[in-house]
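What follows is each chain in one-letter form.
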Amino acid sequence: MINDSQILNNGYPMPSVGLGVYKIDDDGMEKVVTTALDAGYRAFDTAYFYGNEQALGRALSQSDIPREDLFITTKLWNDYQGYDKTFEYFQKSLEHLGTDYLDLFLIHWPCEADGLFIESYQAMEELYEQGKVKAIGVCNFKQHHLEKLMAHTNIKPMVNQIELHPYFNQQDVQEFCDNHDIKVTAWMPLMRNRGLLEDPVIVKLAEKYQKTPAQIVLRWHLAHNRIIIPKSKTPERIRENYDLFDFNLEITEVAEIDSLNKNARQGKDPDKVRIGDLK
Ligand SMILES: NC(=O)c1ccc[n+]([C@@H]2O[C@H](COP(=O)([O-])OP(=O)(O)OC[C@H]3O[C@@H](n4cnc5c(N)ncnc54)[C@H](OP(=O)(O)O)[C@@H]3O)[C@@H](O)[C@H]2O)c1
């Protein structure tokens, strides 16, 4: 199965489907990564905060996939925002992952009230100029955060990774990012299987296409040219979440799923997250 890629605004390709590894612990990582690589995944999304960069790095190093064929994303944790700390914690993440470059480095949350995201991003710009990271970006940025960032920095973020699923489709942020050629990555793309997959519209389409509800939701994300990073520790689901490339939703069906939006955010509101809040 061939996974397609999206081209970021600096020309660097990023696989459309990656594996999110939040909550995958040291014991489970090797099996999860082996299953994912066998299924065709080449992109993996971790974070310093997840505490599993080492486990991911170890598991990837045991495979025979060349480093240049992998796409590794990690994130600068809130507590380490700031110009100097960004370099320091970038280096720690590289060491944890056992690699000498990152494909994508993201600011995890804006924490705007703490006033450090611009200088953190400026450090990331330098890492990018030095070739230590192939692409840089942000997570959980709303339009006003992106506007502020772009007014004070030189390199447009390549990615904005945000909570996004049919019940919270963030159409305003998506449109702003589309208009500025910032690629949206959906985190929690399956709404953590908390009710979305039983929605009658999703179930009806799953029956029509002989696919699972998760595959319908993931295909809907792809129809909007998003990158998706579903997480699963279950081998069957890991394979299922990658097996998306042999069908397409019709435009009216995409619109039907769009209309399920309830602005039902599941995670934190980025305007309310401060450094030190999340543990
Ligand atoms: N930037 C940020 O602030 C941020 C925040 C949160 C997450 N993320 C990233 O986004 C990734 C994905 O988000 P997420 O983990 O929050 O949520 P998610 O991918 O929407 O959902 C994961 C949950 O859904 C279940 N699941 C997976 N595939 C399924 C399927 N085919 N059918 C039914 N259930 C299925 C998983 O169960 P099992 O594992 O038990 O199979 C798990 O409980 C994370 O791993 C992380 O990399 C980023």
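Since the structure is predicted, the reported quantities are computational estimates derived from the model, not experimental observations.

(A) Spatial organisation of the overall build of the protein. Summing up its helical and strand segments, the protein has 10 helices and 10 strands in all. Taken over the C-alpha trace, the protein has a radius of gyration of 18 Å; the compact-globule value for 279 residues is 19 Å, and the two agree within 12%. A principal-axis box enclosing the C-alpha atoms of the protein has dimensions of 55 × 40 × 35 Å. Here the protein holds 279 residues, and 54% of them are scored as buried. Taking all contacts inside the protein whose residues are at least 6 apart in sequence as the whole, residues at least 24 apart take part in 75%. Here the protein displays about 12100 Å² of accessible surface, and carbon together with sulfur accounts for 46% of that area. Computing the positive centroid from 31 side-chain charges and the negative centroid from 43, the protein places the two 4 Å apart.

(B) Representation of the sheet that holds strand β7 (residues 133-139). Strand order in the open sheet formed by eight strands is β3-β4-β5-β6-β7-β8-β9-β10, with parallel pairing between adjacent strands. This sheet does not close on itself; its edge strands, each paired only once, are β3 (18-20) and β10 (227-228).

(C) Representation of the environment of L278 within the structure. Relative to the elements of secondary structure, L278 occurs in the segment after α10 (251-258). Using a relative accessible area of 16% as the deciding quantity, one classes L278 as buried. With 201 residues separating them in the primary sequence, L278 and W77 have C-alpha atoms 9.9 Å apart.

(D) Region of the structure containing the pairing of β7. The element β7 is largely enclosed, with a buried count of six among its seven residues. Where strand β6 (residues 102-107) lies against β7, five bridges are found, and the strand directions are parallel. In the sheet register, I107 faces β7, and the bridge partner there is V138. Traced from β6 through helix α4 (residues 117-129) to β7, the parallel crossover comes out right-handed. As defined by bridge partners, β7 adjoins strand β8 (residues 159-163) across three bridges and the pair is classed as parallel. Bridge pairing in β8 places G137 opposite V159. Taking the sense of rotation as the criterion, the β-α-β connection linking β7, helix α5 (residues 143-152) and β8 turns out right-handed.

(E) Highlighting the UniProt feature "active site" (unreviewed entry) in the protein. Cross-referencing UniProt, the feature "active site" (unreviewed entry) maps to Y50 in the present numbering. Its location among the elements puts Y50 in the loop between β4 (43-45) and α2 (53-61). Every residue in contact with Y50, bar those within four places of it in the chain, is listed here: V21, Y22, D45, K75 and H108.

(F) Looking closely at the UniProt feature "binding site: substrate" (unreviewed entry) in the protein. Look at the UniProt record and you will see "binding site: substrate" (unreviewed entry) annotated at H108. Tracing the chain through its elements places H108 in the loop between β6 and α4. Those residues in contact with H108 that lie beyond four places of it in its chain are A47, F49, Y50, K75, L76, W77, N78, C139 and N140.

(G) Layout of the environment of K204. Within the secondary structure layout, K204 lies in helix α7 (residues 200-209). Since its relative accessible area comes to 40%, K204 is described here as partly exposed. The spatial distance from the C-alpha of K204 to the C-alpha of I216 is 9.8 Å, given a sequence separation of 12 residues. A polar contact is formed between the side chain of K204 and the side chain of E256, at a distance of 2.6 Å.

So, how was this worked out
Residues numbered from 1 in each chain as written. Predicted model: local features only at pLDDT ≥ 70, side-chain atom pairs only at ≥ 80, totals over all residues. Heavy atoms only, no water. Helix = DSSP H or I, 4+ residues; strand = E, 2+ residues; numbered from the N terminus. Rg over C-alpha atoms; globule rule 2.2 N^0.38 Å. Buried < 20%, exposed > 50% of the residue type's maximum accessible area, 1.4 Å probe, protein only. Contact = heavy atoms within 4.5 Å. Areas by Shrake-Rupley, 256 points an atom, 1.4 Å probe, with all protein chains shown as cover. Lys, Arg positive; Asp, Glu negative; His and termini not counted. Charge placed at Lys NZ, Arg CZ, Asp CG, Glu CD. Pairing = 2+ DSSP bridges. Right-handed = clockwise from strand over helix to strand, strands pointing away. UniProt positions renumbered as here; feature names shortened; annotations may be inferred. Polar contact = N/O pair within 3.5 Å; in protein donor to acceptor, adjacent residues only side chain to side chain.

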